[in-house]
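# Residue-level structural notes
Chain by chain, the residues run as shown.
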Amino acid sequence: MTNVPNIILVGPMGAGKTTIGRLLSQSLAREFYDSDKVIEENAGADIPWIFDKEGEEGFRKRETCTLVQMLNHQDDRIVLATGGGIVTRDENRKLLCDSNALVVYLYASVAQQLHRTSKSNHRPLLQNGNPKATLKKLFQVRDPLYREVANVIVETDSRHPKSVANKALDAIKRHLKTEKTLFNANVNR
Ligand SMILES: Nc1ncnc2c1ncn2[C@@H]1O[C@H](COP(=O)(O)OP(=O)(O)OP(=O)(O)O)[C@@H](O)[C@H]1O
Ligand SMILES: O=C(O)C1=C[C@@H](O)[C@@H](O)[C@H](O)C1
Ligand SMILES: [Mg+2]
């Protein structure tokens, strides 16, 4: 599938952006990047350390720089998994919408987000207070923002990662086909 543009995955913590992104990159024989990982490599420190020393604002600045860096990537087309909060800055949403990338929103219910994030403790926003209430609050704010930037939405709740990746690939192909049909219809008008 050489005609598939850069693919960017957005969605809440635990939606499976990193997991599904890696599988998609294998299916498409592309490089895979994870903005959280790139931020850590650029900073020479992990995300909990950045939140601790620079606060969330410092982390968000780094996240925007990394998004710009990835969108300017000169190599072959890539698959990019983003952090759950990438859509919170207006600037990032504009960058995503103005890019030629195909943005996929991986939807997960709050119950699934909670279940999938409960096994690790590297997400600073879930370390204090009640994780369920935090995920719910974040979801209320962010779900419309994910939808705003997405070209394609894929539901992930009742599926194994491999079948989510296949479903995402089918949705991407359908989206590109519709775009092409619309383009041809406009050209022939
Ligand atoms: N469809 C799925 N079904 C079951 N488990 C899943 C599914 N997708 C991801 N997981 C599991 O959920 C956990 C979180 O997944 P992952 O780290 O890919 O989420 P993420 O969206 O990248 O989160 P973050 O925004 O915090 O980086 C992992 O243990 C992963 O194996
Ligand atoms: O949802 C969020 O705001 C975050 C999600 C993670 O991917 C990391 O980007 C970080 O822990 C913040
Ligand atoms: Mg991730």
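For clarity, every value in this text was computed on a predicted model and none was experimentally measured. (Residues numbered from 1 in each chain as written. Chains lettered and ligands numbered in written order. Predicted model: local features only at pLDDT ≥ 70, side-chain atom pairs only at ≥ 80, totals over all residues. Heavy atoms only, no water.)

Below, the discussion takes up the UniProt feature "binding site: ATP" (unreviewed entry) in the protein chain. In this numbering, the UniProt entry assigns the feature "binding site: ATP" (unreviewed entry) to Gly14, Ala15, Gly16, Lys17, Thr18, Thr19, Arg123 and Arg159. Across 146 residues in sequence, these annotated residues place their C-alpha atoms as far as 23.2 Å from one another, rather than forming a single compact spot. Lining residues of the largest pocket drawn from the annotated list: Gly14, Ala15, Gly16, Lys17, Thr18, Thr19, Arg123 and Arg159. When you line up the elements, alanine 15 lands in the loop between strand 1 (7-10) and helix 1 (17-27). The contacts of alanine 15, once residues within four sequence positions are left out, are Leu106, Ala108, Arg116 and Thr156. Mapped onto the elements, glycine 16 comes out in the loop between strand 1 and helix 1. Judged by relative accessible area, glycine 16 falls into the buried class, the value being 16%. The contact partners of glycine 16, leaving out residues within four places of it in the chain, are Gly21 and Leu106. (UniProt positions renumbered as here; feature names shortened; annotations may be inferred. 1 Å grid on protein atoms, 1.4 Å probe; cavity = no way out; pocket = protein on both sides within 12 Å on 5 of 7 lines; lining within 4 Å. Helix = DSSP H or I, 4+ residues; strand = E, 2+ residues; numbered from the N terminus. Contact = heavy atoms within 4.5 Å. Buried < 20%, exposed > 50% of the residue type's maximum accessible area, 1.4 Å probe, protein only.)

Residues in contact with ligand 2, as listed here, are Met13, Asp36, Ile47, Phe59, Arg60, Gly83, Gly84, Gly85, Pro124, Leu125 and Arg142. Here an oxygen atom of ligand 2 sits 2.7 Å away from a polar atom, N or O, in the side chain of arginine 60. With respect to ligand 2, the side chain of arginine 142 contributes an N or O atom lying 2.7 Å from an oxygen atom. When ligand 2 sits alone it has 310 Å² of accessible area, and the protein chains cover 95% of it. Among the cavities detected, the one that contains ligand 2 is the largest pocket. The element best represented in the shell around ligand 2 is helix 3 (residues 47-71), accounting for 3 residues. (Near = heavy atom within 4 Å. Polar contact = N/O pair within 3.5 Å; in protein donor to acceptor, adjacent residues only side chain to side chain. Areas by Shrake-Rupley, 256 points an atom, 1.4 Å probe, with all protein chains shown as cover. Sits in = over half its atoms within 2 Å of the grid points.)

What follows deals with the pairing of strand 5 (residues 152-155). Because side chains alternate across strand 5, one face comprises the buried residues Val152 and Val154, and the other comprises Ile153 and Glu155, none of which is buried. Across 4 bridges, strand 4 (residues 102-107) lies against strand 5 in parallel orientation. Each bridged residue has a counterpart across the sheet, and for leucine 106 the counterpart in strand 5 is valine 154. (Pairing = 2+ DSSP bridges.)

Cross-referencing UniProt, the feature "binding site: Mg(2+)" (unreviewed entry) maps to Thr18 in the present numbering. Looking at where threonine 18 falls in the secondary structure, it is placed in helix 1. By relative accessible area, threonine 18 is classed as partly exposed at 31%. Aside from chain neighbours lying at most four places away, what touches threonine 18 is Phe32, Asp34 and Ala81.

We now examine empty space enclosed by the protein. In the structure shown here, the tally under the stated rule is 2 cavities of 30 Å³ or more. As for the largest cavity, its lining consists of Pro12, Met13, Gln113, Leu135, Leu138, Phe139, Arg142 and Tyr146. Volume-wise, the second largest cavity comes out at about 30 Å³. Taken together, Asn6, Ile7, Ile8, Met70, Leu71, Ile78 and Leu80 make up the full set of residues lining the second largest cavity. (Points joined across faces, edges and corners; volume = space filled by probe spheres on them.)

Our next topic: the layout of surface pockets. Within this model, the largest pocket holds a volume of roughly 820 Å³. If you trace the largest pocket, you find 38 residues lining it, with Thr18, Asp34, Asp36, His122 and Arg123 closest to the centre. Every element with two or more residues in the lining of the largest pocket is listed here: helix 1, strand 2 (31-34), helix 2 (35-43), helix 3 and helix 7 (161-187). Broken down by element, the lining of the largest pocket gets its largest block of residues, 6 residues, from helix 3. Per-class residue counts for the lining of the largest pocket are 14 nonpolar, 11 polar and 13 charged. The space that makes up the second largest pocket amounts to roughly 150 Å³. Taken together, 13 residues line the second largest pocket, and the ones lying closest to its centre are Asn100, Ala101, Leu102, Asn151 and Glu179. Ranked by residues supplied to the lining of the second largest pocket, first place goes to helix 7 with 3 residues. Class assignment for the residues of the lining of the second largest pocket results in 8 nonpolar, 4 polar and 1 charged. (Nonpolar A, V, L, I, M, F, W, Y, C, P; charged D, E, K, R; others polar.)

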